[in-house]
Amino acid sequence: MSKVLYSSLEEEVLSLKRERNAIILAHNYQIGEIQDIADLCADSLRLAQYAAKTDADVILFSGVHFMAETASILCPDKLVLVPDLEAGCSLAGMVDTDQLKKWKDEHPEGVVVAYVNTSAAVKALSDYCCTSTNAVKVVNSIPRDKEILFIPDYFLGRYVEAQTGRAIHLWPGYCTIHVRIKGSEIEKLKGEHPKAEFLMHPECGCMTSTMHLADRILSTEGMVNYVHESPAQEFIIATETGILHRLQKDNPHKTFYPAARNAVCEYMKRNTLEKIVDSLENLQYEVKVPKELANRARLPIERMLKIV
Ligand code: 13P
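If you're wondering where the values come from, they're calculated on a predicted model, not measured in any experiment.

1. Focus on the packing of aromatic side chains
Move 1: A complete count under the given rule lists three aromatic pairs for this structure.
Move 2: Ring centres of Phe-235 and Phe-256 lie 5.6 Å apart, and the angle between their planes is 20°; on these two criteria the pair is classed as stacked. Taken together, the residues Phe-235 in strand β11 (residues 234–238) and Phe-256 in strand β12 (residues 255–258) connect sequence positions 21 residues apart.
Move 3: Look at Phe-235 and you get buried, because its relative accessible area is 0%.
Move 4: Owing to a relative accessible area of 8%, Phe-256 belongs among the buried residues under this scheme.

Next up, the structure:
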């Protein structure tokens, strides 16, 4: 291939995308430059739904590894690429298949609801998948007499318990970024910005102690939609700070305060425009869930997609 000179990385990405018949899916926590060139920038649920319907040949997933695995499970015939194989997820690493098998043995009647932030192998041992957008809906769809095992996020699980009024067995996992958001800091920010609405992601480590302070508890996409509709002009945002780019871009006249400036996911931030160029040019790095595993992991994901 003769080397063409481009005036910007963005232009190079767009040209490679056309050449490869590729789409770029970016999570709301990606750096601004990636959000801006993506075909879709969204939360994990919308990204999975979009992946399931695309007719592109190549899906470049700029997020973290479990999201690309989900795309591979839903689109076994597509080439799914990630810009950096080291972009993992601290939360997804909090439960493995041996631990889950042991927990299931202790609760043989238990129905396993797995947050989408889990590996394909863990999903394959689960009954339902959920995201932060639909976790309450998914649990409400399960008959009330069933015992529920919720993995791996303890704080999202506590939120679902509060919303559904059900006792749920909770796995003690957490997101190492969301636990940096502290209740004491939120109280201070609310004092400094009394007119600001406080929006909180259910993965926050201070979730259980500050749930009563939140104006809304929402997924990342829920925050985007809510801010658009709300008459408020200021917002305190308790989640990974990447979302502020999209919020500010969509609402240039509104003001956003991160609940914690250090809530920056170093995995999400491993992806760069340069790596996306390399990825599309060299068709690297492929994420392919083996067929037999994908067939099992697809069931809980498809159950979720039917509920929402
Ligand atoms: P959302 O589904 O709200 O985008 O959250 C995904 C995630 O990975 C949060 O850590």
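2. Overview of the pairing of strand β7 (residues 148–151)
Move 1: Judged by which residues are buried, β7 turns out to be covered on both faces: Ile-148 and Phe-150 on one side and Leu-149 and Ile-151 on the other are all buried.
Move 2: Of the pairings in the sheet, the one linking strand β5 (residues 111–115) to β7 comprises four bridges and is parallel in character. The residue bridging Val-113 from the neighbouring strand is Phe-150, located in β7.
Move 3: Both β7 and strand β8 (residues 169–170) contribute to a ladder of two bridges, which runs parallel. What sits directly across from Leu-149, in β8, is His-169.
Move 4: Chirality of the crossover, the property in question, places the unit of β7, helix α8 (residues 154–164) and β8 among those that are right-handed.

3. Here we look at the site of the ligand
Move 1: In the vicinity of the ligand lie 13 residues, with His-27, Ser-44, Ser-132, His-201 and Thr-220 positioned nearest.
Move 2: Within the contact set of the ligand, an oxygen atom lies 3.0 Å away from a side-chain nitrogen or oxygen of Asn-117.
Move 3: Here an oxygen atom of the ligand sits 2.9 Å away from a polar atom, N or O, in the side chain of His-201.
Move 4: When the ligand sits alone it has 300 Å² of accessible area, and the protein chains cover 97% of it.
Move 5: In this structure the site holding the ligand corresponds to the largest cavity.
Move 6: Per-class residue counts for the shell around the ligand are three nonpolar, eight polar and two charged.

4. Description of the sheet that holds strand β1 (residues 22–27)
Move 1: Taking strand neighbours across the sheet as the criterion, the four strands line up as β2-β1-β3-β4 in an open arrangement whose pairing is parallel. Every other strand in the sheet has two partners, leaving β2 (40–42) and β4 (79–81) as the edge strands with one partner each. Here the average twist between neighbouring strands, direction ignored, is 20°.
Move 2: With three bridges joining them, strand β3 (residues 58–62) and β4 adopt parallel strand pairing.

5. Remarks on the nonpolar core
Move 1: In this structure, Phe-61, Val-113, Ile-181 and Met-200 are the most contacted members of the largest nonpolar core, which totals 74 residues.
Move 2: Residues within four places of Ile-181 in sequence aside, it is in contact with Ile-186, Cys-204, Cys-206, Ala-238, Thr-239, Ala-259, Ala-260 and Ala-263.
Move 3: Formed by 15 residues, the second largest nonpolar core is a distinct cluster that contains Ala-38, Val-58, Leu-60 and Leu-280.

6. Points about the sheet that holds strand β6 (residues 128–130)
Move 1: Taken in spatial order, the four strands of this open sheet run β6-β5-β7-β8, and their pairing is parallel. Looking along the sheet, the strands with just one partner apiece sit at the ends: β6 and β8.
Move 2: Contacting β5, β7 and β8, helix α5 (residues 97–106) runs over the sheet at an angle of about 165° to β7.

7. So, empty space enclosed by the protein
Move 1: All told, the structure shown has two cavities of 30 Å³ or more when counted by the stated rule.
Move 2: Here the largest cavity is characterised by a volume of approximately 250 Å³.
Move 3: As for the largest cavity, its lining consists of 27 residues, and the residues nearest its centre are His-27, Tyr-29, Asn-117, Glu-203 and Met-268.
Move 4: Classifying every residue of the lining of the largest cavity gives twelve nonpolar, twelve polar and three charged.
Move 5: By volume, the second largest cavity is sized at about 50 Å³.
Move 6: Forming the boundary of the second largest cavity are Ser-44, Leu-47, Ala-48, Ala-51, Phe-61, Phe-66, Met-67, Thr-70, Ala-71 and Val-116.
Move 7: Elements supplying a minimum of two residues to the lining of the second largest cavity: α3 (44–53) and α4 (65–74).
Move 8: Tallied by class, the residues present in the lining of the second largest cavity amount to eight nonpolar, two polar and no charged.

8. Focus: a negative patch on the surface
Move 1: On the surface, a cluster of negative charge is made up of Glu-10, Glu-33, Glu-274 and Asp-278.
Move 2: By secondary structure assignment, the location of Asp-278 is in helix α13 (residues 273–282).
Move 3: By relative accessible area, which is 34% here, Asp-278 ends up partly exposed.

Thresholds applied
- Residues numbered from 1 in each chain as written.
- Predicted model: local features only at pLDDT ≥ 70, side-chain atom pairs only at ≥ 80, totals over all residues.
- Heavy atoms only, no water.
- Phe/Tyr/Trp six-rings, centres within 6.5 Å; stacked < 30°, edge-to-face > 60°.
- Helix = DSSP H or I, 4+ residues; strand = E, 2+ residues; numbered from the N terminus.
- Buried < 20%, exposed > 50% of the residue type's maximum accessible area, 1.4 Å probe, protein only.
- Pairing = 2+ DSSP bridges.
- Right-handed = clockwise from strand over helix to strand, strands pointing away.
- Near = heavy atom within 4 Å.
- Polar contact = N/O pair within 3.5 Å; in protein donor to acceptor, adjacent residues only side chain to side chain.
- Areas by Shrake-Rupley, 256 points an atom, 1.4 Å probe, with all protein chains shown as cover.
- 1 Å grid on protein atoms, 1.4 Å probe; cavity = no way out; pocket = protein on both sides within 12 Å on 5 of 7 lines; lining within 4 Å.
- Sits in = over half its atoms within 2 Å of the grid points.
- Nonpolar A, V, L, I, M, F, W, Y, C, P; charged D, E, K, R; others polar.
- Axes fitted to C-alpha atoms, helices over the stretch in contact; angles between N-to-C directions.
- Core = buried A, V, L, I, M, F, W, Y, C linked by side-chain atoms within 4.5 Å.
- Contact = heavy atoms within 4.5 Å.
- Points joined across faces, edges and corners; volume = space filled by probe spheres on them.
- Patch = residues over 30% accessible without salt bridge, like charges linked within 9 Å, V, L, I, M, F, W, Y side chains within 5 Å.
- Salt bridge = Lys/Arg side-chain N within 4 Å of Asp/Glu carboxyl O.
- Lys, Arg positive; Asp, Glu negative; His and termini not counted.
- Charge placed at Lys NZ, Arg CZ, Asp CG, Glu CD.

Read these as layout, nothing more, since geometry by itself doesn't imply function.
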